[in-house]
Amino acid sequence: MWSYLTRTEEKWPGRGASIGLLVVGHFAFSLLAALFDDPHGTHDLPVFATGWATICMARFAPREIVAGAFFVFFSAVAASRLGGVALDVAVPLSLVSVAEVLAGLGVLHGLGRGDERNGATDWLRVIGGVGLAVSGIGALLAGVVLARVETTSIVDVVIDRWASVACGTIMVFTAGDVLRRFAEGERPRAASMVEGFLLTATTLTLLFTVPAWMMPLMPISVLPLLISGLRLPAICVSNSTTMVIAATAFARWYYEPAGDGQVEAAVTLTTTALAALAPIALARLRDEVRRERSRIVSSENHFRDAMQNSPFGMALLRPDGVCFSVNRALCELLGYGPEDLIGLRPTDITWSETTGVVDHRLADLANGAIDDYAVEKQFRRRDGTPIWVIVAVSA
């Protein structure tokens, strides 16, 4: 996942650009969250600042990470103060933001730089680690701070902040996936785009037509996205997921909650997590299977070419000793055509006096008693003349 986020130095912005993006983006997102904060914990916007800072600092050197952490702290304090938050609340909340960013970077560094791109397991670990676990721990710490000034219970505050930070962080990651794929030249076919749009529209229709009494079942509405994960290119799936998460977050901020704020926030969090985890993980799993199949085919082709062009006679045998592939050198050595040798056992063209030795060695090889053997024996050529050869066999 590290390589998935940062790809190569050529694709990733320079240090100056990364610092600029961090400075501008984190302050803007922090100020947006502070200005639209709802003290009742039911209309909060997603908190994008944590995910944004994590991605911008992903390639920072250790000293740059320290400097970035200081900026995140002062940026969060300034934004909170402009949003009307008291200093004794803004400072500890800013420290929580710094801890969330550093923990997110720790998760990314823990995955390593050399992981296979688009890995389904890496995506689950990053979204589960950075998007859910890190934001959950941060929400718990922030809840302790906010419980002093909020009129609602600490449980409501924790769940509300968890939903806001997780939703914003996951949205940043999915949107970044779309932009990265587009920058790398991925262009889905028109039919895939239309199908993705229809599945997204179906998901949004289900999301916004669920009656109030069925709100706990709202996460089921992401089922059309699962279909997209099984059928569509990964860029279409990420695009659909981003739109669904954005629509869910906007609805939570704009509309009057249908029920208890705590339940509504929990439903938003669950819907967001399901929308981001399942479909994109399925699309990445499909990519991995396709790449693995391509590698296997390529490896088989290389082996087949090497075998056919080898100056030494070679044959491939099934566990029962029946030949299913031979190369040109072996056919020229024995005078048989490929169709004559395929389906035979070595003993079928071996002179009788060396047959027992070969049978014994083949049995040991099949039973796992030995891994390989070499023996000098006589084969019978097509014209009936004998030929002495050294046979090397391995499992």
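### Quick word on the nonpolar core
Counting residues in hydrophobic clusters, the biggest one holds 31 residues, and the most contacted among them are I127, M171, F173, I245 and A275. Breaking this core down by element, the ones donating at least two residues are α6 (120–146), α7 (154–183), α8 (190–209), α10 (234–254) and α11 (261–308). Here this core gets 7 residues from one element, more than from any other, and that element is α10. Among the nonpolar cores identified, the runner-up in size contains 16 residues, and V326, L365, Y373 and I387 belong to it.

### Points about α8
With 20 residues, α8 extends 28 Å from end C-alpha to end C-alpha; this agrees with the ideal 28 Å at 1.5 Å per step. All of the buried residues in α8 are S192, G196, L199, T200, T203 and L207. Buried residues along α8 cover an arc of 100° about the axis, so they all sit on one side. Exposed side of α8, more than 90 degrees from the buried face: A190, A191, F197 and T209 are the residues found there.

### Some words on the environment of I19
For I19, the location among the structural elements is in helix α2 (residues 15–35). The sequence separation of I19 and F71 amounts to 52 residues, and the corresponding C-alpha distance is 9.9 Å.

### Description of a nonpolar patch on the surface
Side chains of I19, V23 and V24 sit close together on the surface and give an oily, nonpolar patch of about 230 Å² of accessible area. Owing to a relative accessible area of 37%, I19 belongs among the partly exposed residues under this scheme.

### Some remarks on the pattern of salt bridges
Enumeration according to the criterion identifies 8 salt bridges in this entry. One salt bridge connects E100 with R161, and the closest N-O pair in it is separated by 3.8 Å. Taken together, the residues E100 in helix α5 (residues 87–111) and R161 in helix α7 connect sequence positions 61 residues apart. Classification of E100 by relative accessible area gives buried; the value is 3%. We classify R161 as buried; its relative accessible area is 15%. Its salt-bridge partner being E292, residue R295 comes within 2.6 Å of it at the nearest N-O pair. A residue pair is termed a helical-turn pair when its members lie 3 or 4 positions apart in one helix, as R295 and E292 do in helix α11 at 3 residues.

Procedures and definitions
Residues numbered from 1 in each chain as written. Predicted model: local features only at pLDDT ≥ 70, side-chain atom pairs only at ≥ 80, totals over all residues. Heavy atoms only, no water. Core = buried A, V, L, I, M, F, W, Y, C linked by side-chain atoms within 4.5 Å. Buried < 20%, exposed > 50% of the residue type's maximum accessible area, 1.4 Å probe, protein only. Helix = DSSP H or I, 4+ residues; strand = E, 2+ residues; numbered from the N terminus. Expected span 1.5 Å × (residues − 1). Arc of directions from axis to C-beta. Patch = residues over 30% accessible without salt bridge, like charges linked within 9 Å, V, L, I, M, F, W, Y side chains within 5 Å. Areas by Shrake-Rupley, 256 points an atom, 1.4 Å probe, with all protein chains shown as cover. Salt bridge = Lys/Arg side-chain N within 4 Å of Asp/Glu carboxyl O.

That's the geometry; what it means functionally is another story.
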